[in-house]
Amino acid sequence: MALSREEREQFLAEPHVAAIAIDSGEKERAPLTVPIWYQYEPGGDVWILTGRDSRKHRLIGAAGRFSLMVDRLAPTVRYVQVEGPVTATEPGTEAALRELAARYLPADKVDGYVEFALKDHGETVVLRMRPQRWLSSDLGRV
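Residues numbered from 1 in each chain as written. Predicted model: local features only at pLDDT ≥ 70, side-chain atom pairs only at ≥ 80, totals over all residues. Heavy atoms only, no water.

A. Geometry of the nonpolar core. Leu12, Ile20, Tyr38, Ile48, Phe66 and Leu68 are the most contacted members of the largest nonpolar core, which has 35 residues in total. Per-element accounting of this core gives the leading share, 5 residues, to helix α3 (residues 94–104). Excluding residues within four positions of it along the chain, Leu68 makes contact with Ala18, Ala19, Ile20, Ile36, Tyr38, Val46, Val80, Gln81 and Val82. (Core = buried A, V, L, I, M, F, W, Y, C linked by side-chain atoms within 4.5 Å. Buried < 20%, exposed > 50% of the residue type's maximum accessible area, 1.4 Å probe, protein only. Helix = DSSP H or I, 4+ residues; strand = E, 2+ residues; numbered from the N terminus. Contact = heavy atoms within 4.5 Å.)

Laid out in structure tokens, this is it:
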């Protein structure tokens, strides 16, 4: 059963690890689908942080859009998928990295992760996507 707008936006706002899907642009290849951290507040845009020289960034730049899917298994099987156009690309910042890390990691692990990522991941970009199409379901309602 589909979720209401409020339910799907609230679910997407929770700190789930998403699967991002991006058109590969190649007839003989499937879309790129990998796990990714994201940020979202109900009614706003979704944003991700990725390497400036990454395959994800190149493919998103070419496609101009991407989709995210988040799910859970308990207490009921529930998922939300959102897709839309990229509305902005900005240089990644330490503040953006810290915000994402704090969303997913225990507070005592954030500083160490940020230090590691700044040294290891190279230049990053923030990509903002405006949710345009939604799919959602909660199988606990059937």
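B. Looking closely at the side chain of Thr50. Among the secondary structure elements, Thr50 is positioned in strand β3 (residues 46–51). Of note is the side chain of Thr50, whose polar atom sits 3.5 Å from the side chain of Lys56. In contact with Thr50, other than residues within four places in its own chain, are Lys56, His57, Glu123, Thr124, Val125 and Leu127. (Polar contact = N/O pair within 3.5 Å; in protein donor to acceptor, adjacent residues only side chain to side chain.)

C. Local environment of the pairing of β3. Burial within β3 is extensive, with 6 of its 6 residues counted as buried. Where β3 meets strand β6 (residues 124–129), 6 bridges bridge the pair, whose relative direction is antiparallel. Considered in β6, the bridge of Gly51 is made with Thr124. (Pairing = 2+ DSSP bridges.)

D. Structural detail: the pattern of salt bridges. This structure, assessed with the given rule, holds 12 salt bridges. The shortest N-O distance in the salt bridge between Arg52 and Asp53 comes to 3.6 Å. In this structure Arg52 comes out as partly exposed when scored by relative accessible area, which is 36%. Given a relative accessible area of 58%, Asp53 falls into the exposed group. A salt bridge links Glu123 to Arg52; the shortest N-O distance between them is 3.2 Å. Taken together, the positions of Glu123 in the loop between α4 (107–120) and β6 and Arg52 in the loop between β3 and α2 (55–63) put the pair 71 residues apart, joining distant regions of the chain. Under the relative-accessibility criterion, Glu123 is labelled exposed at 53%. Among the charged side chains, a network of salt bridges with common partners joins Arg52, Asp53 and Glu123. (Salt bridge = Lys/Arg side-chain N within 4 Å of Asp/Glu carboxyl O.)

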